[in-house]
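Take a look at the letters that make up each chain.
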Amino acid sequence: MSWDAFGYYLYLPLSIIHQDLRIEDFSIVENIIETYKNSPTFYQGHKSPSGNWVIKYPVGWAIFYLPFFLIGHLFALGSDYPVDGFSRPYFWAVVSAHLTYACLGLLLVRKALQKLFNHKIVALTIITITIGTNFFHQSTSAVAMPHTLIFFQLALILNAFINWQKDPSPKRSLFLGILVGLAMSTRPTEVVILALPFFLGFSFTKRIHITLFQHIKEHYKKFLQIGMGVALGVVPQLLYWKYTTGSWVYYSYQNPGEGLDLHAPHTLNFLFSFRKGWLIYTPVMVFAILGFKQLYDHKRSLFLPVLIYFIANLYLVSSWTNWWYGSSFGQRPMVQSYAIMAIPLAAFFAYAGKNKITKIGIWFGLVFFITLNLFQTWQMRKGILDGSRLTAAYYFKAFGKTEKQPEWEKLLLLKRSDTGIEKVPDLSEYRSKVIYYEDYESIEDATTTVAHKGKKSWRSSASAEYSPALSIRYRDLTTKDHAWIKMESRIMIQDTSKECNVMLAASMSHRTKSYYWKGFDLKKEYDLIPNQWIPITLYYLTPEIRSTRNRLTVHFWYRPGADMFIDETVITAFTK
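Engineer: Explain the overall build of the protein chain to me, and be specific about the residues and the numbers.
Structural biologist: The number of helices and strands found in the protein chain is 20 helices and eleven strands. Counting the 576 residues in the protein chain, one finds 54% classified as buried. Considering only residue pairs separated by 6 or more positions, the protein chain has 74% of its internal contacts joining residues 24 or more positions apart. Counting every atom, the protein chain has about 26,900 Å² of accessible surface; 60% of that belongs to carbon and sulfur. Across the protein chain, 60 positive and 40 negative side-chain charges occur, with their mean positions spaced 16 Å apart.

The structure is reproduced here in structure tokens:
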């Protein structure tokens with residue numbers, strides 16, 4: 001239970017063991033992280049405007065894992081293990097829940113497909129999803145991540161949808177909506193599953209707006225009933241937000257460095273990048289995409305709902321800023337969609353092989369893709385493949401290899417620190433360019449009291465909280481994934497009766513909101529000798545940026561204390 005999974009899980013020990021869902025005693029979280037090393041920082045939560053801590057991940061995961069947690073809790077109470085939510089009984093409870101939902105999800109997909117295809121096709125489809133896709137890695141290695149659970153939830157929804165298709169009664173409509181609401185309470189973007197009931201029976205015409213209006217008018221009662229169910233399903237999430245923030249609806253992803261960039265999706269990278277491309281690392285799903293043709297020809301009533309679901313889901317998940325979704329094998333946010341994509345995949349297997357040569361080609365491709373998936377999953381576990389830093393050059397070096405060679409490391413993308421404390425590399429391999437120089441001679445507000453060179457310097461004081469700043473767009477720095485920023489200056493203090501608290505601050509900003517801010521406390525970084533100019537050199541590594549339009553800002557920041565004199569500021573960018 002670490003990293004993102006720590007955030008999904010934390011609801012359970014906080015509410016049941018500590019009775020502190022608002023985290024009023026933050027030492028609880030600090031002690032957990034210190035003991036179990038779940039995360040380098042508590043990025044999984046933040047303080048809301050109400051002053052309470054709020055977990056940024058939704059509550060749905062915790063709801064479904066609650067029965068297993070209670071079993072683990074009872075076992076811990078009756079044993080010598082710590083009753084803290086993280087000792088071995090709790091760990092095995094989570095593992096058991098994870099595997100249970102993975103297996104139940106596959107069984108439910110099988111049940112749904114059996115209503116549409118013969119047993120052989122169903123068996124082949126289930127085998128393909130299980131060991132031919134990154135579902136295998138998520139279900140066996142990524143314990144406590146939400147994707148396997150959502151796969152189960154979507155499998156439930158698929159069965160409810162098929163039953164609703166035959167008899168869209170108010171009871172079934174309400175039940176279908178509740179399942180969708182619960183899935184949204186696990187991951188809000190699962191709202192796209194509503195494409196299944198909404199577009200069932202819909203057909204495009206030249207006058208699309210009229211057809212859509214007629215479709216809604218004809219079925220609005222069913223849609224309202226489903227909507228009521230959705231509202232009921234998201235009630236737990238709304239209650240949590242109300243309890244912790246005072247608001248019924250709250251946007252918990254407060255970091256401006258991440259979010260949905262709906263106007264600029266990263267779809268091509270999401271699909272085809274060697275860093276994490278879905279069809280690069282899960283190529284067997286090409287068969288599912290090709291299967292839409294067979295679905296149209298043979299199961300037309302399902303064609304449009306499933307196609308719109310696929311397109312909408314792909315658009316949403318590829319619009320996330322961090323489109324590679326951290327460390328994992330392939331695109332983990334696509335795993336849950338396999339519950340629905342099983343339909344076009346089965347259609348492809350059922351109808352694509354019209355002649356012997358085509359069938360042989362399909363079988364050859366299927367065996368190759370499954371073998372490749374299993375082998376590369378093994379490579380991932382052995383550390384031969386990296387979970388987030390892969391490049392095309394590295395991929396082809398490691399292809400088919402059973403051992404990793406040290407010289408391959410330079411082919412990977414930059415290795416970033418988990419703690420935010422970066423080790424400056426040998427910058428001789430980088431190109432350097434001075435992007436900012438200021439001697440303050442032409443600055444009207446600069447002081448003439450002292451200067452290291454020339455007649456003026458900048459006096460950082462209560463009347464001048466921020467120094468003149470560098471502000472430059474990332475795209476003007478580099479087209480690569482990172483740049484090292486070297487910040488040099490001369491600083492001096494005169495007044496020794498007060499402590500100097502001036503900081504050198506660097507940050508990236510998205511639409512005026514700062515992210516990846518780093519403040520260097522100069523009194524801690526250097527020995528400040530009164531009336532002596534001290535040369536300083538500090539480094540800032542640009543983060544994984546949200547947009548090339550984001551701006552890097554560097555300035556000195558005065559905080560109450562002694563004044564500081566600053567002169568000859570030089571900022572250099574080192575890029576590949």
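There is more to say after this.
Engineer: A description of helix H3 (residues 27–36) should follow, citing residues and the corresponding values.
Structural biologist: Of all the residues in H3, the buried ones are Ile28, Val29, Ile32 and Ile33. When H3 is viewed along its axis, its buried side chains cluster within an angular range of 125° and face the same direction. In H3, the exposed positions that point more than 90 degrees away from the buried face belong to Glu34 and Thr35. Where the residues of H3 are buried, they touch helix H1 (4–9) and helix H2 (11–17). Where H3 ends, the next residue or the one after it, lysine 37, has phi of about 55°, a positive value.

Engineer: Which residues make up the side chain of aspartate 521, and what values go with them?
Structural biologist: Relative to the elements of secondary structure, aspartate 521 occurs in strand S8 (residues 513–521). Among the polar contacts listed, one links the side chain of aspartate 521 to the side chain of lysine 523, at a separation of 2.9 Å. Not counting residues within four places of it along the chain, the set of residues in contact with aspartate 521 comprises Val502, Met503 and Arg559.

Engineer: Any chance you could break down the pattern of salt bridges for me, citing the residues and the numbers?
Structural biologist: On inspection of all chains with the given rule, the structure shows 16 salt bridges. Across the salt bridge formed by aspartate 386 and arginine 389, the nearest N and O atoms sit 3.7 Å from each other. The class of aspartate 386 is partly exposed, set by a relative accessible area of 23%. Among the ionic pairs, glutamate 409 bridges to lysine 404, the shortest N-O distance being 3.4 Å. Given a relative accessible area of 32%, glutamate 409 falls into the partly exposed group. For lysine 404, a relative accessible area of 37% translates into the label partly exposed.

Engineer: So what's going on with the sheet that holds S8? Residues and values would help.
Structural biologist: Overall, antiparallel pairing links the four strands, which are arranged S5-S10-S7-S8 in an open sheet. The sheet is open, and its two borders are formed by strand S5 (470–473) and S8, each paired with just one other strand. Ignoring strand direction, the axes of neighbouring strands in this sheet form an average angle of 15°.

Engineer: Give a detailed account of the packing of helix H6 (residues 119–132) against helix H18 (residues 356–382), specifying residues and quantitative values.
Structural biologist: Packed helix pairs are characterised by how far apart their axes lie and by the angle those axes make with each other. Viewed as axis vectors pointing N to C, H6 and H18 meet at an angle of 30°, and their least axial separation amounts to 9 Å. Between H6 and H18, the contacting residues are Leu124, Thr128, Ile131 and Gly132 on the first element and Trp363, Leu366, Phe369, Ile370, Asn373 and Leu374 on the second. Here the contact of H6 with H18 is composed, by residue class, of seven nonpolar, three polar and no charged.

Engineer: Please provide a residue-by-residue account of the nonpolar core, values included.
Structural biologist: Counting residues in each nonpolar core, the largest one holds 123 residues, and the members touching the most others are Tyr9, Leu10, Trp61, Tyr65, Leu113, Trp278 and Tyr338. Ranked by residue count, the leading element in this core is helix H8 (residues 147–166), at twelve residues. Sequence-distant contacts of tyrosine 338, that is, excluding residues within four places in its chain, are made with Ile129, Thr133, Asn134, Phe135, Phe151, Trp278, Thr282 and Met285. One finds Tyr440, Ala464, Phe520 and Ile571 within the second-largest nonpolar core, a separate group that totals 38 residues.

Engineer: Tell me about a positive patch on the surface, residues and numbers included.
Structural biologist: Together, Lys111, Lys115, Lys166, Lys171 and Arg172 make up a region of like positive charge exposed at the surface. Its location among the elements puts lysine 171 in helix H9 (residues 170–184).

Engineer: So what's going on with the packing of H8 against H9? Which residues, and what values?
Structural biologist: Between H8 and H9, the shortest axis-to-axis distance is 10 Å and the interhelical angle comes to 160°. As the angle between them shows, H8 and H9 are arranged roughly antiparallel. Considering the relative orientation of H8 and H9, their crossing is left-handed. Across the interface between the two elements, Gln153, Leu156, Ile157, Ala160, Phe161, Asn163 and Trp164 from H8 touch Arg172, Ser173, Phe175, Leu176, Leu179, Val180, Leu182 and Ala183 from H9. By residue class, the composition of the contact of H8 with H9 is eleven nonpolar, three polar and one charged.

Engineer: Describe empty space enclosed by the protein, with residues and values.
Structural biologist: Within the structure shown, the criterion is met by one cavity of 30 Å³ or more. Of the volumes computed, that of the largest cavity is approximately 30 Å³. Lining the largest cavity, in full, are Tyr436, Ser467, Pro468, Leu504, Val554, His555, Phe556, Thr569 and Ile571. Put simply, the parts of the chain that give the lining of the largest cavity at least two residues each are strand S10 (551–557) and strand S11 (564–575). The element contributing the most residues to the lining of the largest cavity is S10, with three residues. Of the residues in the lining of the largest cavity, the class split is six nonpolar, three polar and no charged.

Engineer: Break down helix H17 (residues 338–351) for me, with residues and values.
Structural biologist: An ideal rise of 1.5 Å per residue puts 20 Å on 14 residues; H17 measures up with 19 Å between its terminal C-alpha atoms. Across the 14 residues that make up H17, a large majority, twelve, are buried. The complete set of buried residues in H17 reads Tyr338, Ala339, Ile340, Met341, Ala342, Ile343, Pro344, Leu345, Ala346, Ala347, Phe348 and Phe349.

Engineer: Describe in detail the packing of aromatic side chains, supporting the description with residues and values.
Structural biologist: Considering all chains together, one arrives at 49 aromatic pairs under this definition. Judged by centre distance (3.8 Å) and plane angle (15°), the ring pair of tryptophan 61 and tyrosine 65 falls under stacked. Of this pair, tryptophan 61 and tyrosine 65 are both found in helix H4 (residues 60–77), four residues apart, which corresponds to roughly one turn of the helix. Each member of the pair, tryptophan 61 as well as tyrosine 65, carries the same accessibility label: buried. In this structure, arginine 275 packs its charged tip against the face of tryptophan 324, placed 3.8 Å from the ring centre. The ring of tyrosine 430 has lysine 576 lying over it, and the distance from NZ or CZ to the ring centre is 4.5 Å.

Criteria and thresholds
- Residues numbered from 1 in each chain as written.
- Predicted model: local features only at pLDDT ≥ 70, side-chain atom pairs only at ≥ 80, totals over all residues.
- Heavy atoms only, no water.
- Helix = DSSP H or I, 4+ residues; strand = E, 2+ residues; numbered from the N terminus.
- Buried < 20%, exposed > 50% of the residue type's maximum accessible area, 1.4 Å probe, protein only.
- Contact = heavy atoms within 4.5 Å.
- Areas by Shrake-Rupley, 256 points an atom, 1.4 Å probe, with all protein chains shown as cover.
- Lys, Arg positive; Asp, Glu negative; His and termini not counted.
- Charge placed at Lys NZ, Arg CZ, Asp CG, Glu CD.
- Arc of directions from axis to C-beta.
- Polar contact = N/O pair within 3.5 Å; in protein donor to acceptor, adjacent residues only side chain to side chain.
- Salt bridge = Lys/Arg side-chain N within 4 Å of Asp/Glu carboxyl O.
- Pairing = 2+ DSSP bridges.
- Axes fitted to C-alpha atoms, helices over the stretch in contact; angles between N-to-C directions.
- Nonpolar A, V, L, I, M, F, W, Y, C, P; charged D, E, K, R; others polar.
- Core = buried A, V, L, I, M, F, W, Y, C linked by side-chain atoms within 4.5 Å.
- Patch = residues over 30% accessible without salt bridge, like charges linked within 9 Å, V, L, I, M, F, W, Y side chains within 5 Å.
- Parallel < 35°, antiparallel > 145°, perpendicular 65-115°, else oblique.
- Left-handed = near helix turned anticlockwise from the far one by under 90°.
- 1 Å grid on protein atoms, 1.4 Å probe; cavity = no way out; pocket = protein on both sides within 12 Å on 5 of 7 lines; lining within 4 Å.
- Points joined across faces, edges and corners; volume = space filled by probe spheres on them.
- Expected span 1.5 Å × (residues − 1).
- Phe/Tyr/Trp six-rings, centres within 6.5 Å; stacked < 30°, edge-to-face > 60°.
- Lys NZ or Arg CZ within 6 Å of the ring centre and 35° of its normal.

Nothing here speaks to function; it is geometry throughout.
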